[in-house]
Amino acid sequence: MDISYTDRHWQSADGLTLHFREYGAANDRPPVVCLHGLTRNARDFDSLAPHIAGQGWQVLVPSIRGRGDSDYSEDPASYNVGTYALDVLALLDTEQIDSFVSIGTSMGGLITLMIAATQPQRVAGTLLNDVGPVLETAGLDAIKSYIGQGRSFPTWMHAARALEDVHGAAFPNFGTEEWIVMAKRTLTLCNNGRIAFDYDMKIAEPILAADEAAVPPDLWPAFDALAEKPLALLRGELSQLLSEQAFAEMQRRAPQAICATVPGVGHAPTLDEPEARAIVDRLLALIA
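Starting from 1, residues in each chain are numbered consecutively following that chain's sequence as written. Given that this is a predicted model, residues contribute local features only at a pLDDT of at least 70 and side-chain atom pairs are listed and counted only at 80 or more, while totals for whole chains, interfaces and linings are drawn from all residues. For the side-chain quantities, the full set of heavy atoms in the structure was used; hydrogens and water were omitted.

A. Spotlight on the nonpolar core. Nine residue types can take part in a nonpolar core, namely buried Ala, Val, Leu, Ile, Met, Phe, Trp, Tyr and Cys, and a core is a set of them joined through side-chain atoms within 4.5 Å. Throughout this description, buried means an accessible area under 20% of the type-specific maximum (1.4 Å probe, protein chains only), exposed means over 50%, and partly exposed covers the range between. Ile111, Ile115, Phe223 and Leu233 are the most contacted members of the largest nonpolar core, which totals 47 residues. Strands here mean DSSP runs of E at least two residues long; helices mean DSSP runs of H or I at least four residues long; both are numbered from the N terminus. The dominant element in this core, judged by the number of residues it contributes, is helix α2 (residues 81-94), at 7 residues. Contact criterion: two residues are considered in contact whenever any of their non-hydrogen atoms come within 4.5 Å of each other. Beyond its immediate stretch of four places on either side in the chain, isoleucine 111 contacts Leu35, Ile64, Val81, Tyr84, Ala85 and Val88. Counting residues in hydrophobic clusters, the runner-up holds 42 residues, among them Phe45, Leu48, Ile52 and Val59.

Okay, here's the thing in structure tokens:
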């Protein structure tokens, strides 16, 4: 089924014009909001969003500030999960959305947890994709090793090979076609004819400057709030960011949650895998 989308925009509290894709139209169901990972954008859900919209859901897919077609911030300090959560809440308020279903990949899941910490009534259901209240140092270090480097490439094949060099261990079964799909979701063709990563390199600054000795916020209360509504938990079998132990603790604290592990995939499942699609459909069936 060919489901098209409309490009739309909203304003952040600090005056940025932010972009989102809208699939389908508002109806009596809460809309599904797909929230991407750290260096990604709305194209990450090119396949999933039409799949959900084809089942009668309105789907909103924002590009978080500093990514895709959303404005870059003049203040790199605003590139943090708290601000991203405020931006998403501004989108909901602009669209007069009382509650929504969140599908959050990695950083998108952290944004959802942040919203649950302050306005849990806004979240009607959640899928946390390879993310949770506890993140592993090895996974965070891997992200720090590549974020914000600003490389560019002459062709999509060069870009795909560069992604494979960095992420090959997380997607050992990917072939050339899958790497090119990922490249076209992650990078963009620039005016100079080069292909570059589609995000503001300054998003790396707060992450690289963070004090590793600082005590991370306790996100378990926010997770517990999400567990009071329909909840799905997804982990990549090879994930370095979400450990098996943390995933097991999430399941222990949310015994009603729908859970699945995507075999042969690390951080983070693309949500195009059959196991991921099945868990999305099961979650939405609980809410419909």
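Moving on, there is more to tell.
B. Structural context of the sheet that holds strand β8 (residues 187-189). Pairs of strands are assigned from DSSP output, requiring at least two bridges between the strands. An order of β7-β9-β8 is seen for the 3 strands of this open sheet, with the pairing classed as antiparallel. Because the sheet does not close on itself, it has two edges, and the strands there are β7 (152-153) and β8. When β7 meets strand β9 (residues 195-197), the two strands line up antiparallel, connected through 2 bridges. Note on β9: the bridge partner recorded for phenylalanine 153 is isoleucine 195. Fitted lines through C-alpha atoms give the axes, limited to the stretch in contact for helices. The angle between two N-to-C directions lies from 0 to 180 degrees. Contacts from helix α5 (residues 156-167) reach β7, β8 and β9, with the element oriented near 165° to β8.

C. Local environment of the pairing of strand β3 (residues 32-35). Neither face of β3 is exposed, since Val32 and Cys34 on one face and Val33 and Leu35 on the opposite face are all buried. As judged from the 2 bridges shared by β3 and strand β4 (residues 59-62), these two strands associate in the parallel manner. Residue pairing across strands places valine 33 opposite leucine 60, the latter belonging to β4. Here is how to tell: hold the view so the strands point away, follow the path from the first strand over the helix to the second, and if it runs clockwise the crossover is right-handed. A crossover links β3 with its parallel partner β4, the connecting element being helix α1 (residues 48-53), and its sense is right-handed. Where β3 meets strand β5 (residues 100-105), 4 bridges bridge the pair, whose relative direction is parallel. Bridge assignment links leucine 35 to a residue of β5, and that residue is glycine 104.

D. Just the pattern of salt bridges, in detail. Any carboxyl oxygen of Asp or Glu within 4 Å of a side-chain nitrogen of Lys or Arg constitutes a salt bridge here. On inspection of all chains with the given rule, the structure shows 13 salt bridges. Residue aspartate 224 is joined to arginine 253 by a salt bridge in which the shortest nitrogen-to-oxygen separation is 2.7 Å. Of the two residues, aspartate 224 is situated in helix α8 (residues 220-226) and arginine 253 in helix α9 (residues 244-253); the sequence distance between them amounts to 29 residues. Look at arginine 253 and you get partly exposed, because its relative accessible area is 30%. A cluster of three or more residues bridged by salt bridges with shared partners is formed by Asp224, Glu249, Arg252 and Arg253.

E. Region of interest: the side chain of arginine 65. Residue placement: arginine 65 occurs in the loop between β4 and α2. Within polar-contact distance, the side chain of arginine 65 engages the side chain of aspartate 14 at 2.8 Å. A polar contact is formed between the side chain of arginine 65 and the side chain of serine 78, at a distance of 3.0 Å. N or O atoms within 3.5 Å of each other form a polar contact, as long as, within protein, one can give a hydrogen and the other can take it, and as long as residues adjacent in sequence are counted only when both atoms are side-chain atoms.

F. Highlighting the packing of α2 against helix α3 (residues 107-118). Following both chains from N to C, one finds α2 and α3 inclined at 75°, their axes separated by 9 Å at the closest point. Between α2 and α3, the interaxial angle falls into the category roughly perpendicular. Facing Val81, Gly82, Tyr84, Ala85, Val88 and Leu89 of α2, the residues of α3 in contact are Met107, Leu110, Ile111, Met114 and Ile115. Residues of the contact of α2 with α3, tallied by class, amount to 10 nonpolar, 1 polar and no charged. Under this scheme an angle from 65 to 115 degrees is roughly perpendicular, one under 35 degrees roughly parallel, and one over 145 degrees roughly antiparallel; angles in between are oblique. As a working rule, the residues Ala, Val, Leu, Ile, Met, Phe, Trp, Tyr, Cys and Pro are called nonpolar, Asp, Glu, Lys and Arg charged, and the rest polar, with Gly in that last group.

G. Looking closely at the packing of aromatic side chains. Pairing of aromatic rings covers Phe, Tyr and Trp, the last counted by its six-membered ring, and requires centre-to-centre distances within 6.5 Å; plane angles under 30 degrees mean stacked, over 60 mean edge-to-face, and any other angle means tilted. Scanning all chains against the criterion turns up 8 aromatic pairs. A ring pair is formed by phenylalanine 174 and tryptophan 179, whose centres lie 5.0 Å apart and whose planes are at 70°; its orientation type is edge-to-face. Aromatic pair tryptophan 220 and phenylalanine 223: ring centres 5.5 Å apart, planes at 85°, arrangement edge-to-face. Of the two residues, tryptophan 220 and phenylalanine 223 are both situated in helix α8; the distance of 3 residues between them amounts to about one turn of the helix. Here the aromatic residues Phe153, Phe197 and Tyr199 are joined through ring pairs into a cluster of three or more.

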